[in-house]
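# Fold and contact review
Listed below, chain by chain, are the residues.
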Amino acid sequence: IDPSLGRNDGELVRRAATALGREKDLKTTVFISTACHSPTLVEPSADGTNSIRTASEQFFKILSANTSGLRKKYEYFDSEHHGSVRMVSLQHGLRFIFQSFQVPSLYSLDEPKAINNHFGKASRELGFEILPPEEIVSEIGYQLLYSGHVERAIGCFRLNESNYPTSVNVFSALGEAYEAKGDKHAARTNYLQVLRLSPKDRDAAKALEKLSSSDAR
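Below is a summary of the structure that appears in this document. (Residues numbered from 1 in each chain as written. Predicted model: local features only at pLDDT ≥ 70, side-chain atom pairs only at ≥ 80, totals over all residues. Heavy atoms only, no water.)

### Considering the packing of helix H6 (residues 134-146) against helix H8 (residues 168-181)
Between H6 and H8, whose axes approach to 11 Å, the crossing angle comes to 15°. With respect to H8, the axis of H6 lies roughly parallel. Between H6 and H8 the crossing geometry is left-handed. In this structure, H6 uses Glu134, Tyr142, Leu145 and Tyr146 to contact H8, whose residues at the interface are Asn169, Val170, Ala173, Glu176, Ala177 and Ala180. Residue classes in the contact of H6 with H8 are distributed as seven nonpolar, one polar and two charged. (Axes fitted to C-alpha atoms, helices over the stretch in contact; angles between N-to-C directions. Helix = DSSP H or I, 4+ residues; strand = E, 2+ residues; numbered from the N terminus. Parallel < 35°, antiparallel > 145°, perpendicular 65-115°, else oblique. Left-handed = near helix turned anticlockwise from the far one by under 90°. Contact = heavy atoms within 4.5 Å. Nonpolar A, V, L, I, M, F, W, Y, C, P; charged D, E, K, R; others polar.)

See the structure below:
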């Protein structure tokens with residue numbers, strides 16, 4: 001954020017050019033921002049590297065020319081100064097860095113394969129594993145369940161089960177889904193797992209009583 005890359009007559013920029021020349025395939029993400037400064041700060045020297053903005057733009061050009069696997073973005077905020085640019089840079093920078101994490105639409109991820117593909121891509125871009133968040137997958141599953149797509153809903157809830165095997169909500173959702181499918185045995189199995197994880201769970205106990213009552217009829 002608004003880095004002083006032009007200090008020492010642009011030494012950092014020159015060193016970056018040398019170092020990046022040896023690193024052709026960086027797998028990471030870089031966001032650089034600069035703010036508007038006084039004329040004495042933005043006026044470049046003979047080699048164009050003494051101002052914050054000019055040095056940052058030169059550094060970004062070096063990144064663009066020397067790296068192939070790098071995700072990168074540069075923004076100049078004309079209406080911000082060195083003190084105010086931090087907040088807006090954080091907002092823009094985090095949005096860019098985690099761009100692939102954001103779910104465009106819950107309806108576009110309506111099955112486990114699509115969910116895994118989306119967060120698999122985010123994991124590769126960010127360089128670490130990102131499990132599909134339980135809450136997002138659960139919301140997708142319930143949307144499918146309430147719209148009559150029971151099997152696909154079960155698939156989503158089973159995905160959560162594999163990623164979050166100690167979550168009470170996962171087995172509660174599976175119990176509901178299997179109950180909607182008419183599979184009382186599977187519904188009972190999952191409600192019992194809820195009680196193993198949370199013995200005082202009243203909803204699971206009531207669901208089991210309801211299933212037992214329907215069996216007695």
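### A look at the side chain of Thr29
With respect to the element layout, Thr29 can be found in strand S1 (residues 29-35). A polar contact of 3.2 Å, which involves the side chain of Thr29, links it to the side chain of Arg71. (Polar contact = N/O pair within 3.5 Å; in protein donor to acceptor, adjacent residues only side chain to side chain.)

### Describing the pattern of salt bridges
A side chain with one charge may pair with a side chain of the opposite charge, provided their charged atoms come close. If you walk through the whole model with that rule in mind, you get eight salt bridges. Measuring nitrogen to oxygen at the nearest pair gives 3.6 Å for the salt bridge that ties Arg71 to Glu125. Here Arg71 is found in strand S2 (residues 71-77), whereas its partner Glu125 is found in helix H5 (residues 112-126), with 54 residues between them in sequence. Note that Lys210 and Glu179 form a salt bridge whose closest N and O atoms lie 3.7 Å from each other. On the criterion of sequence distance, the pair formed by Lys210 in helix H10 (residues 202-216) and Glu179 in helix H8 is long-range, its members being 31 residues apart. (Salt bridge = Lys/Arg side-chain N within 4 Å of Asp/Glu carboxyl O.)

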